[in-house]
Amino acid sequence: MTPWTPTLTRSRAQQRTEATQPAASGPADAHHQEVDAEETGRTHTEHGTDNQVAALTLRDLTVRYAPAASPAVEGVSLTVPVGQTLAVVGESGSGKSTTAAVAAGLLPGSAHARTAEQRLMGQDMRGASDKVWKNVRGDLLGYVPQDTGTGLNPVRTIASQLSETLRAAGTARRQAAARIATALADVGLDPELHGSRYPHELSGGQRQRVLIALALAREPRLVIADEPTSALDVSAQKSILDLLEDRVARAGAGLLLITHDLGVARDRADSILVMEKGRVVEEGRAERVFADPQHEYTRRLMSASPVVHAVPHRKTGTVPEGTTPVVRAKGLSKAFGTGPHRVQAVTDVDFELAPGRTLGIVGESGSGKSTTARILLGLETYDQGELEVFGKPLGHNRRQGRELATRARFVHQDPTGSLDPKYTVAASIGEPLRGFRIGTRAERAERVNELLDLVALPRDLAGRRPAELSGGQRQRVSIARALAVDPELIVLDEPVSALDVSVQAQILDLLADLQERLGLSYVFISHDLAVIRQISDDVLVMAEGRVIESGPAGEVFDTPRERLTRTLIEAVPGTRHESGRANVI
Amino acid sequence: MTATEFSTRLEDPEEESVGTQGRGRRTTTTMLRLPFGLILSALVVLVVLAWAVLPSLFVTENPLLGDPDIRLSPPNAHHWFGTDHLGRDIFSRVVQGAGASLGTTAIAVLMSFVTGTFLGLVAGTAGRVVDTVLMRIVDVLQSVPSLLLSLAVVASLGSGPVNIAVAVAVASVPSFARLMRGEVLRWRNSLFIEAATMSGIRTPEILLRHVLPHAIGPVGALAAIEFGAAVLAISALSFLGFGTQPPDPEWGFLISEGRDYLASSWWMTVIPGLVIAGVVVSVNRIAHALQTERRPS
Amino acid sequence: MNPVVAMILRRLGFGVLVLWAAYTLAFLLLYALPGDSVAAVLGGDLSTATQQEIDEIRHQYGFDQPLIVQYLTSLGDAVRGNLGTSYTTGQPVTAAIGQALPVTIELAAWSLLIAVPGGILVALAAVGARNPWLRNLLSGLPSVGVSLPTFWVGLLLLQFFSFRLGLIPAIGARGFAGVILPALTLSLPLGAMIAQVLLRSLTHEWTRQFVTTYRAAGLSRVRLLLSHALPPAGVSLLSIAGVVLGNVLGGAVIVETVFTRNGIGRLAETSVTGQDMPVVLGVVMLSALVFVVVNLVVDLLYPILDPRTRPVQESRS
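All of the points below concern the structure found in this document.

Basis of the calculations
Residues numbered from 1 in each chain as written. Chains lettered and ligands numbered in written order. Predicted model: local features only at pLDDT ≥ 70, side-chain atom pairs only at ≥ 80, totals over all residues. Heavy atoms only, no water. Axes fitted to C-alpha atoms, helices over the stretch in contact; angles between N-to-C directions. Helix = DSSP H or I, 4+ residues; strand = E, 2+ residues; numbered from the N terminus. Parallel < 35°, antiparallel > 145°, perpendicular 65-115°, else oblique. Contact = heavy atoms within 4.5 Å. Nonpolar A, V, L, I, M, F, W, Y, C, P; charged D, E, K, R; others polar. Buried area = accessible area lost by both parts, 1.4 Å probe. Salt bridge = Lys/Arg side-chain N within 4 Å of Asp/Glu carboxyl O. Polar contact = N/O pair within 3.5 Å; in protein donor to acceptor, adjacent residues only side chain to side chain. Buried < 20%, exposed > 50% of the residue type's maximum accessible area, 1.4 Å probe, protein only. Patch = residues over 30% accessible without salt bridge, like charges linked within 9 Å, V, L, I, M, F, W, Y side chains within 5 Å. Areas by Shrake-Rupley, 256 points an atom, 1.4 Å probe, with all protein chains shown as cover. Lys, Arg positive; Asp, Glu negative; His and termini not counted. Charge placed at Lys NZ, Arg CZ, Asp CG, Glu CD.

Our next topic: the packing of helix 5 (residues 93-128) of chain C against helix 12 (residues 264-273) of chain C. All names here are of chain C. Interhelical geometry of helix 5 versus helix 12 gives an angle of 135° and a closest axis separation of 7 Å. Regarding the angle of helix 5 to helix 12, the classification is oblique. Here Ala96, Ile97, Ala100, Leu101 and Thr104 of helix 5 lie close against helix 12, whose contacting residues are Ile264, Gly265 and Leu267. Classifying every residue of the contact of helix 5 with helix 12 by side-chain character gives 6 nonpolar, 2 polar and no charged.

Facing the 27 residues of chain C at the interface are 31 residues of chain A. Summing both partners gives a buried area of about 2600 Å² for chain C against chain A, and 55% of it is carried by carbon and sulfur. Considering only the side of chain C, the residues that lose the most area to chain A are Gln209, Tyr214 and Arg215 of chain C, jointly responsible for 22% of the buried surface there. For Asp130 of chain A, the salt bridge identified is with Arg130 of chain C, shortest N-O distance 3.0 Å. Between chain C and chain A we count 10 residue pairs in polar contact (both at pLDDT 80 or more) in total. Among the elements of the structure, helix 9 (209-216) and helix 10 (221-239) of chain C are those that each provide at least two residues to the side of chain C that touches chain A.

Attention now goes to the side chain of Glu183 of chain B. All names here are of chain B. With respect to the helices and strands, the residue Glu183 is situated in helix 8 (residues 161-188). Here Glu183 falls in the buried class, since its relative accessible area comes to 6%. With residues near it in sequence (within four places) discarded, Glu183 still touches His214, Ala215 and Pro218.

The next subject is the pattern of salt bridges. Inspection of every chain in the model, using the stated rule, returns 41 salt bridges over all chains. When the shortest N-O distance is used, the salt bridge between Glu164 of chain A and Arg156 of chain A registers 3.0 Å. Across the pair, Arg156 of chain A and Glu164 of chain A agree in class, each one buried. A salt bridge links Asp139 of chain B to Arg178 of chain B, with the nearest nitrogen and oxygen atoms 2.4 Å apart. Taken together, the residues Asp139 of chain B in helix 6 (residues 128-142) and Arg178 of chain B in helix 8 connect sequence positions 39 residues apart. A relative accessible area of 33% places Arg178 of chain B in the partly exposed class. One continuous salt-bridge network, built from bridges that share partners, spans Asp186, Asp246, Arg247 and Arg250 of chain A.

Counting residues at the interface gives 47 residues for chain C, matched by 45 residues for chain B. For the pairing of chain C and chain B, the buried interface totals around 3900 Å² over both sides, and the portion due to carbon and sulfur atoms is 76%. Looking only at chain C, the three residues that lose the most surface to chain B are Phe151, Trp152 and Leu155 of chain C, adding up to 15% of its buried area. At the surface where chain C touches chain B, the tally comes to 0 salt bridges. Run the count over chain C and chain B and you get 8 residue pairs in polar contact (both at pLDDT 80 or more). Counting residues per element, the ones that place at least two in the side of chain C that touches chain B are helix 1 (3-32), helix 6 (132-145), helix 7 (150-164), helix 9, helix 11 (241-258), helix 12 and helix 13 (277-305) of chain C. For the side of chain C that touches chain B, a count of residues per class yields 31 nonpolar, 13 polar and 3 charged.

It is worth spelling out a negative patch on the surface at this point. On the surface, Glu53, Asp55, Glu56 and Asp64 of chain C cluster together into a patch of negative charge. Position of Glu53 of chain C among the secondary structure elements: in helix 3 (residues 51-60).

Another point: helix 5 (residues 158-168) of chain A. Here helix 5 of chain A has its buried residues at Ile158, Gln161, Leu162, Ser163, Glu164, Thr165 and Leu166 of chain A. Tucked inside the fold, the buried residues of helix 5 of chain A contact helix 6 (173-186), helix 7 (191-195) and helix 8 (204-216) of chain A together with helix 9 and helix 10 of chain C. One or two steps after helix 5 of chain A, the chain reaches Gly170 of chain A, where phi turns positive at roughly 100°.

In structure tokens form, the structure reads like this:
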């Protein structure tokens, strides 16, 4: 990554920060605090009260998506002081993104929002017209969306998109080119190289950098970032958040950071607002909230969102000598494609899994962890190496036999995709029983009920379809389906990463409990180190198709030998405070 | 910006409220919220279907027997749609013609539906060679505009209601085949089918119990669209004189009869045309509703 | 070999294959089924012909040969540009098509000139309109447009402009006056189809995240529509170019019959009525050729208009 190029804007940004920061700490004096001339032009303190000019003020916000619907957001009030960061934390359905949409003026016309007060740098934005919004955008307000791959126009180059935005705001063509170069350099991109590219030619992290450049190109006073990093790998996540923090500080802006990740909030925010089901359940200074959470929901969230070092890893016994491993792989390799398109997905992977234990495979996307898992079950073939499952060699190019299929089962990452939306819960869970012709119809129905009990789902859910279940319930159904034929080994591919943290914890508990009761062996794939640490006996850290480190979970996490492993651990959000680098930007 | 963007990208309000009350409530509210245009469309289709099935309940005069005294009279209280050059009641002829027009259309759609979905299913499941051959044939059929293709079939088979039904069916086989194949391929790679395969379910059962239930929605919507298109195609072929033989009324043929009296008697062309347009617009509206209903799942 | 040249050659080869297959299928359809071609040659009446005359015709047109021989002979002729002679007029098919083609091209040009901008405008307005009522109305227009019977629309225009207003003579008008009503008629289904496809992809692009990104960056609605939603959506129009031009030919059958213009469409209609197989085959091949050529051009245009379909740039970093 290119280091930031210092620019003229820097000093201005700092001036601004200096001018506004005392205001944030001393409310009584705020009114008299002199802000620079440019700013007074933008703000008007109508009431002439002692209220300081905050970047954003929302009071008593209620949003309904349909007139008769229950509110998506109810009674939310928040303030983002200039130069400070407010993190809004919540799980899906908490209303945090709706709140951000209101603040950014991006709520769809069909939704109804009511606020007692909505101010942007002091300017009243209640019921503002499209035109008013258009005028504040870019200038007062910057918005960084989550890059789901479609955040930038796919058929235009990065430079042309940036240029258009600047020119629409009145920048002359020649100046625009220079500003783009600065803006791209500021986010660590090469204006020459990356400016001429199309979005699909950039990585997710690079696209997110462009989105930040776009939002901050005109140094707005309030930046709203809606889950800016949740589509990224942890190491990319960290550098993007560092960048955002740096750019916002230099612009002297306020930052409204929407995130589902408590770790991110803890590392980056001055203040935190926790939302649940459309309401604010807790708010306060970040240190206070983390040190002394008041609301029960916050405590639950915090205990459910494991921070790597805080999670005790499981107590692992020793494997008795001479036990036949459930899985033994040696020198496993696999490539996809041919010729110039050939990609080596897995290279020379060795591992063993003893009965009743859990092997965690951790790595970022593209590390080969999922391919490895799929090879174990014969869902992919492998090119080289040896693979024994239950003591029998699994051939190179043979699909898994029927007998093996009942002893080793697979749980997909995405319970929504892996359950047929048209099947009832009972039909899905009973499918392996039908497929392997186990039991009579009545016996199968009885077994389905047992399985529902086993995964702690109420029996009356049997007639529901996936759309009528929550994410956690769906994953329980797919675990129940895997258990239907009494397997010995379950391979779980990112089984909790599509779920909210509090639900994640419940599913992990369920898995641990099932393992103990049924003596199962797990191969557990995840990108999340905290999750892996919590559930694994042994760990395999993978990168670019190779195993870079392996061993008992405790050893790997507490005394990582490889630099890459350390980087991965340090990149995990929420670790800044532990690693002694707290408050260092 | 539209509502869909936010309801999909932002939190789904339903996500959390999925509770025990779920199912029944939702169906009743959707029933009540049906848009007015859709209800109207359904009414139009129902009325015209009733004409087709039981014309005797609706005709006011003998559609084949004219009264020379009232030739070419404009619409009035007795003859809602006016009378034609032989003094026949046009309303009764339109009602009577519904059977011929919609019957031929139904035969055409049924034939292409059965052939097309079968070909698509085979192409999607059988091996690569079969797939390639079938899809190349479909490509070739699509390289000729459908009306010309239908005309070529008529040239070969000769005119008549059944022959034009075949002609129209041939032209719409490709869209059914393509859609069905696409559905098979789409679901074939889905995770739940992988899960089913791993659960020991064999291919025929997967097709029957996983793929077909999902494909039936889009294919049904396409059938509705093709029905609308077939009404137009059949009436066009009849207009050109390849359909029913006089004096049997058929909508396209009614219009071609009116063509000679265009200068004096507008109602002979305008009214049957409005009926055709009304039916096609309504069918398309229903097809659209079917499509959007299916898409989210 | 240069990958672009290789791509063009591959596409050309594929186009030739489609033409051959179209010829074969059409030949089978028109000649293999039991229809009496001799009767068609004699104008539908066999009763007055002597056996000798019949035999002569069978020999002259090659009907006495096995089907495979007939097929190979006619295919060989077709490759050399000879599509045979018309049963009814005795004129070479290529000449008949050559005569009719300019009439249809004139019609096609005018109707595309109306339909393409018209369709695009309606779609843009339907997405861009602020007033929800107007937006609904405009988005409903295309689906009504494709639902109207073309021949009926033609008759209505004729009734209104020629008979009611007397602005344009019903028959025999030359130049612009002669082509405007047929062109309007044909442009309605074409424009509606263009609008429908563009509307669908515009609506899709309009809900995509980059529109939100740029809306949040302060771009106006018009600019969002024209410079962000339209370019990716416009690519979808390319994919239907072949179908649109095919529909021009199909629609010409109706429109030229309604307005009595002696173009390709009329030629198709009369040859089907007279079971004049060589002419029918010729018209079918013409439409297949149009389809193949248009799609070849479209395939070459795709990478120029849509960077996503270009081969990925070599990483220079």
